[in-house]
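This is what each chain is made of:
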Amino acid sequence: MKIKVLLIAPYSGLKELALRLTKEQDELEITVREGDLEEAVAVANEIGSEQFDIVISRGGTAKLLRENLGQPVIEIPLSGYDILRTLTLIKDYKGKVEMVAFPNICQGVNAVSNLLDIHIPYSVIEHSGDVERLILEAKAKGAKLIVGDTVTIKVAKRHGLQGILFTSGRESILEAFQQARQLYLVLHKYENRGNMLEKIMDQSGEGVAVISLNGELHYCNTPFLKMWHIADDVTTVPLSSGTLSGLKALKHIMAFQTIAFRKVVQGRELHCQIRYFDDEKYLLKTDDTFNKESKDLTVEYLRSSIHSFTQIPGTSVAIRKVINQARKLKNEGLMAIYGEKGVEKKPIAFAMRGESVFHNCPFLVVTITHPSDNAYNALKKLLEKSKGVILYIRGTHRLDPVQQRGLTMLNQHQENRQVIYAFYADPKSTLEPEFLKIFSTRLLHIPPLRERTEDLGEHIRLFIGQFNEKYGKQVAGIHSDALELLSTSIWKGNVQECESIVERLIQHVNGEYIHLTDVEQVLADSTINYKSAVISGERTIPIDINKPLEDIENQIIMRILELENMNQTKTAERLGITRATLWRKLKKYEQSQRG
Ligand SMILES: Nc1ncnc2c1ncn2[C@@H]1O[C@H](COP(=O)(O)OP(=O)(O)OP(=O)(O)O)[C@@H](O)[C@H]1O
């Protein structure tokens, strides 16, 4: 396939010469037209320059075409021979000569004329609109002959002067053809490479984009467009201004750490990861299936609708005590919070933030998913370098004793930053004493939901409202016997579990009230055997005999751990095994679940 070239000659002589030379070019299919400056742009548009791979022209016309066309434009040079030829022609001219030309011609002529010791006064054309004035000035100074560019000669003749054009000769045109061949090869190579990369990006299941933190979208692949439901000509990424300003505040952390956040698009939750890319641009990756993090430490930027303690449901003595204590601790730069899974540790931390000196700080959930040197070093870096944020850190109890002691060496009190260590169990029974000491007087305990069941009704009502909205239902309440059954449940997953049970109830019921039978049916279908758990009370637990022995053993261990407030020493004692054996069993089970 031949390279398609459009050559627009600013003067007829160049057109004639080019036409003669095209015959010798096997690899090029050259179309030659004539046109100077704006006229050349009109010619290019008329012929449809987009069908050509490369455009060739000369001087100011080439410059103008470059500004107006999408194609690469090659300029026919003015070689030393070309200049020499013209200078030889004018050297014996008796009248006054002046050169009026574009900068590149002036430079070339100067270099050659200096060598030959021929000095021609000259004026440089910066803009094509200057030509008229410069010619008139030359005329006023007594010039009879003007040498220069096509446009200069035209104007000079109009003002009654002689004009000689610096013409490009054969070798200059051939040089332009050679450049066209080379440029095409390079472009073709990059185009192939670009197409291949685009295909690879499109085939990856992930949505990938490059954005600026003002929302500008610089690049994205096809999966990204689909996940975000945007058209391919969209130039901004649809993130809320709140999220964008939060991300801006996290710029310095993104320079060394990927930050995760979630975004709901048309009811689907997208898991997003963002990190500094290059030149004030950020790489945003999104996944619409839950992507199990394989990294040892993850950082998630979490936003919340909770800004005050009044948004924390419940009136029980237990929750009021929590709120009182949280109010006292809210402005502490370093503190800890503990309570079972789903007990509302994060909502309470958000309420504290809303009423504290840290209310403008982005909230980052830092999780040690695998206790390793990598996780420890990443955490240390975050503690050393982050400012203006709340770091809510989970999983430090899984670090080894040396690493835990290492954390105590860091200056964790930074201005305008809060560090909250979060635990499931009382850290007094699990942490290295030295590490514990740095926050032990600022420790907030959130009791499990089963110890404040009088709050259950309020939680359930709020969740009913929330899920009515989500599923378009009109459930008005729950019958007292149904609520009573729920109140006697263990709620191993606490408020989080209550939320998912109410979600299932709302999906299940069709009438206006949740009845006892609805609760019984939903609980019977749920993975945890509530009914038996309710009946069994503390001393017995339900056992699914269809499960493998390892699962049953773990179920027993977890129940005793729960009853012993996650204290491993007491649990081991109660089970009649050593603490090391208990630890090994838990670890083995955890690994078998993961693997
Ligand atoms: N960012 C949030 N904004 C508003 N409500 C939230 C937020 N996070 C959680 N909740 C509500 O609070 C309930 C309990 O929260 P969550 O499960 O996060 O508790 P937690 O104790 O922090 O959990 P975990 O132990 O898993 O860290 C959730 O079921 C949800 O209803």
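A brief look at the structure comes next. All of these numbers come straight from a predicted model, not from anything done at the bench.

Turning next to the site of the ligand. As a matter of local geometry, the ligand sits amid 18 residues, with Ser304, Lys345, Arg394, Gln496 and Glu499 nearest to it. Glu344 has a polar backbone atom sitting 3.1 Å from an oxygen atom of the ligand. Here an oxygen atom of the ligand and a side-chain polar atom of Gln496 are 2.4 Å apart. Its free accessible area being 610 Å², the ligand has 84% of it covered by the protein chains. Of all the elements in the fold, those that place two or more residues in the shell around the ligand are α13 (345–354), β17 (390–394) and α19 (494–508). With four residues, α13 is the single largest residue contributor to the shell around the ligand. Within the shell around the ligand, the residues separate by chemical class into eight nonpolar, three polar and seven charged.

Core analysis: the biggest nonpolar cluster contains 56 residues, and Trp228, Ile274, Tyr421 and Phe439 have the highest contact counts within it. At six residues, helix α14 (residues 373–385) tops the list of elements feeding residues into this core. Tyr421 has contacts with Leu334, Met335, Ala336, Ile337, Leu383, Ile393, Thr396, Leu407, Gln412, Phe435 and Phe439, leaving out every residue within four places of it along the chain. If you look at the next biggest cluster of nonpolar residues, it comprises 28 residues, including Leu64, Leu134, Ala143 and Ile146.

On the surface, Leu84, Leu115 and Leu116 cluster together into a nonpolar patch covering about 310 Å² of accessible area. Within the secondary structure, Leu115 sits in helix α5 (residues 103–116).

Evaluation of the coordinates by the stated rule reveals ten aromatic pairs. Considering the side-chain rings of Phe224 and Trp228, the 4.9 Å spacing of their centres and the 15 degrees angle between planes classify their relative orientation as stacked. Neither residue differs from the other here; Phe224 and Trp228 are each classed as buried. On the numbers, 5.4 Å between centres and 85 degrees between planes, the contact of Phe435 with Phe439 is edge-to-face. Classification of Phe439 as buried rests on a relative accessible area of 0%. The ring of Phe52 carries the charged tip of Lys4 above its face, separated from the ring centre by 5.9 Å.

One open sheet holds the four strands; their spatial order is β6-β5-β7-β8, and the pairing between them is parallel. A single partner strand is all that each edge strand has here, and the edge strands are β6 (122–124) and β8 (162–165). Recorded for the sheet is a direction-independent mean angle of 20 degrees between the axes of neighbouring strands. Relative to β6, strand β5 (residues 97–101) runs parallel, the two sharing three bridges. Within the sheet, the bridge partner assigned to Ala101 lies in β6 and is Val124. Where helix α4 (residues 80–90) meets the sheet, it contacts β5, β7 (145–148) and β8, and its direction lies at approximately 150 degrees from that of β8.

Within the structure shown, the criterion is met by 21 salt bridges. For Arg170, the salt bridge identified is with Glu24, shortest N-O distance 3.6 Å. Here Glu24 lies in the loop between α1 (12–22) and β2 (28–34) and Arg170 lies in helix α8 (residues 170–203), a separation of 146 residues in the sequence. Residue classification places Glu24 among the partly exposed residues on the basis of a relative accessible area of 45%. We note a salt bridge from Lys91 to Asp92, for which the minimum N-O separation is 3.8 Å. The network of salt bridges with common partners includes Asp130, Arg133 and Glu137.

Its location among the elements puts Ala255 in the loop between α11 (251–254) and β11 (259–265). Between the alpha carbons of Ala255 and Phe277 there is a distance of 8.3 Å; along the sequence they are 22 residues apart. Aside from chain neighbours lying at most four places away, what touches Ala255 is Arg275 and Tyr276.

Moving on: the side chain of Thr367. Examined against the element boundaries, Thr367 turns out to sit in strand β16 (residues 363–368). Leaving out residues up to four positions away in the same chain, Thr367 has contacts with Asp296, Leu297, Thr298 and Arg394.

Within the open sheet, the four strands sit side by side as β2-β1-β3-β4. Their pairing is parallel. For this open sheet the edge positions go to β2 and β4 (73–75), each flanked by a neighbour on one side alone. Recorded for the sheet is a direction-independent mean angle of 25 degrees between the axes of neighbouring strands. Taken together, the three bridges between strand β1 (residues 3–9) and strand β3 (residues 54–57) define a ladder with parallel strand orientation. Each bridged residue has a counterpart across the sheet, and for Val5 the counterpart in β3 is Ile54. Running at roughly 165 degrees to β4, helix α3 (residues 59–68) makes contact with β1, β3 and β4 of the sheet.

Conventions used here
- Residues numbered from 1 in each chain as written.
- Predicted model: local features only at pLDDT ≥ 70, side-chain atom pairs only at ≥ 80, totals over all residues.
- Heavy atoms only, no water.
- Near = heavy atom within 4 Å.
- Polar contact = N/O pair within 3.5 Å; in protein donor to acceptor, adjacent residues only side chain to side chain.
- Areas by Shrake-Rupley, 256 points an atom, 1.4 Å probe, with all protein chains shown as cover.
- Helix = DSSP H or I, 4+ residues; strand = E, 2+ residues; numbered from the N terminus.
- Nonpolar A, V, L, I, M, F, W, Y, C, P; charged D, E, K, R; others polar.
- Core = buried A, V, L, I, M, F, W, Y, C linked by side-chain atoms within 4.5 Å.
- Buried < 20%, exposed > 50% of the residue type's maximum accessible area, 1.4 Å probe, protein only.
- Contact = heavy atoms within 4.5 Å.
- Patch = residues over 30% accessible without salt bridge, like charges linked within 9 Å, V, L, I, M, F, W, Y side chains within 5 Å.
- Salt bridge = Lys/Arg side-chain N within 4 Å of Asp/Glu carboxyl O.
- Phe/Tyr/Trp six-rings, centres within 6.5 Å; stacked < 30°, edge-to-face > 60°.
- Lys NZ or Arg CZ within 6 Å of the ring centre and 35° of its normal.
- Pairing = 2+ DSSP bridges.
- Axes fitted to C-alpha atoms, helices over the stretch in contact; angles between N-to-C directions.

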